[in-house]
There are 2 protein chains.
Amino acid sequence: MATDEVILLDFWPSPFGMRLRIGLAEKGVKYEYKEEDLRNKSPLLLQMNPVHKKIPVLIHNAKPVCESLVALQYIDEVWNNKSPLLPSDPYRRARARFWADFVDKKIYDIGRKTWATKGDEQEAAKKEFIECLKLLEKELGDEPYFRGDKFGYVDVVLIPFYVETSSVSEAHSMGKRCLQMESVSKSLPDGEKVYDFILQLKNRLGI
Amino acid sequence: MATDEVILLDFWPSPFGMRLRIGLAEKGVKYEYKEEDLRNKSPLLLQMNPVHKKIPVLIHNAKPVCESLVALQYIDEVWNNKSPLLPSDPYRRARARFWADFVDKKIYDIGRKTWATKGDEQEAAKKEFIECLKLLEKELGDEPYFRGDKFGYVDVVLIPFYVETSSVSEAHSMGKRCLQMESVSKSLPDGEKVYDFILQLKNRLGI
């Protein structure tokens, strides 16, 4: 793997980018981090992700992999000699993919509404968000991680949102456990810095 | 595989259900088809998919797999001795997953707007839909299928929408080629029947 060239186009507060930072850290892959200015996207980003024009983009030996869940599975399949993220059993893989999809479809959108809306809409979002966390908590059960005793795919997918939303999170013990891992703590920005960023964003959006 | 019990909870005009019908047909898996009344969902559906309460659900030896892309990958991994849907190379797998995700994020929603809206909104949706089809066509290139010379994952994911939207589709040759395959033609309902169903739905929705 010594000749691999790995570049990550990212934006520091992005929970989707954090997933890839954690995945690469878990696998021990060295990469060049390139911060994007999303209001003035680089020609490289537009060339590497012409369809969505979004970060994160993983560029492996000049070939782009876009969309964080796709790229995380790619990382797991290419660097398969260390820290497997998805289990090997097809049914357990399907369950992991189902919950990762759930996080993408529900947690991100509803989580955003808990701070980007006001009044009744915000209250409804908070209620729905807690219902979603309860479902995740039920899936977690008494295990330390979603994969059981090993940190895995669903943990990587979910934990970046923990930084953003820890004030309403109920899944404290799993979140805290993940944050103690070096691959996670070194890949995530400081919670207060993210909070400040969200405050600035709310200001800019006039919320 | 003789002792496998496979049940599909489905609703005949669902493009998501069609994906699993095609996938199971490609693999030669025998299964029990159970039609759901979506206005009066069965206790089995609510028990098997308590999170989303949606079809399709693949039930394999009493264990449910929900969400069509997750279930299609499950089918490909469990019945891996015949007609592989995803390629084996990680980069090509990532590309296939990217385009399947694109179909889910864009084609379904925008496709629906091409018939569920009116006036300017409908015109804008048609324009955007054609842009999306052009992107898909570019990815297809001069190949007969998205996987190259073999029918695969992206074809299975996309072809059910072809039945619905053939009037605005530009990817005619790929669509026609897929419809000639037995696994596809026997898994898809008649285009006119789907068209009638959409007309009834528009009526009910007051469009």
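Small disclaimer: the values here were computed from a predicted structure and weren't measured. (Residues numbered from 1 in each chain as written. Chains lettered and ligands numbered in written order. Predicted model: local features only at pLDDT ≥ 70, side-chain atom pairs only at ≥ 80, totals over all residues. Heavy atoms only, no water.)

Draft legend 1. The interface of chain A and chain B, seen in detail. The interface of chain A with chain B comprises 24 residues on the first partner and 24 residues on the second. Together chain A and chain B conceal approximately 2300 Å² of surface at their shared face, both sides included; 67% is due to carbon and sulfur atoms. When the buried area of chain A at its contact with chain B is split by residue, A:Val51, A:Tyr91 and A:Phe98 rank highest and sum to 27% of it. Scanning the region where chain A abuts chain B turns up six salt bridges. A salt bridge links B:Glu67 to A:Lys105; the shortest N-O distance between them is 2.4 Å. Along the contact surface separating chain A from chain B lie ten residue pairs in polar contact (both at pLDDT 80 or more). Mapped onto the side of chain A that touches chain B, the elements with two or more residues apiece are strand 4 (63–66), helix 3 (68–78) and helix 4 (90–116) of chain A. The element best represented in the side of chain A that touches chain B is helix 4 of chain A, accounting for eleven residues. Grouping the constituent residues of the side of chain A that touches chain B by class yields 14 nonpolar, two polar and eight charged. (Contact = heavy atoms within 4.5 Å. Buried area = accessible area lost by both parts, 1.4 Å probe. Salt bridge = Lys/Arg side-chain N within 4 Å of Asp/Glu carboxyl O. Polar contact = N/O pair within 3.5 Å; in protein donor to acceptor, adjacent residues only side chain to side chain. Helix = DSSP H or I, 4+ residues; strand = E, 2+ residues; numbered from the N terminus. Nonpolar A, V, L, I, M, F, W, Y, C, P; charged D, E, K, R; others polar.)

Draft legend 2. Structural view of the confidence of the model for chain A. On average, residues of chain A score 90 in pLDDT, and 95% of them are at 70 or above. Interface predicted TM-score (ipTM) for the complex: 0.91; the corresponding pTM is 0.91. (pLDDT = per-residue confidence, 0-100.)

Draft legend 3. Spotlight on the pattern of salt bridges. In total, this model carries 22 salt bridges over all chains according to the counting rule given. Taking the shortest distance from any N to any O, the salt bridge between A:Arg19 and A:Asp104 comes out at 2.8 Å. Highlighted residues: A:Arg19 in helix 1 (residues 15–27) and A:Asp104 in helix 4, separated in sequence by 85 residues. We classify A:Arg19 as buried; its relative accessible area is 0%. In this structure, B:Lys34 engages B:Glu32 in a salt bridge whose closest nitrogen and oxygen atoms are separated by 4.0 Å. In this structure B:Lys34 comes out as partly exposed when scored by relative accessible area, which is 29%. (Buried < 20%, exposed > 50% of the residue type's maximum accessible area, 1.4 Å probe, protein only.)

Draft legend 4. Representation of the pairing of strand 4 of chain A. Residues and elements named next belong to chain A. As judged from the four bridges shared by strand 3 (residues 57–60) and strand 4, these two strands associate in the antiparallel manner. Looking at strand 4, one finds that His60 is bridged to Lys63. Between strand 3 and strand 4, which pair antiparallel in sequence order, lie two residues; one of them, Asn61, sits at a positive phi of approximately 50 degrees. (Pairing = 2+ DSSP bridges.)

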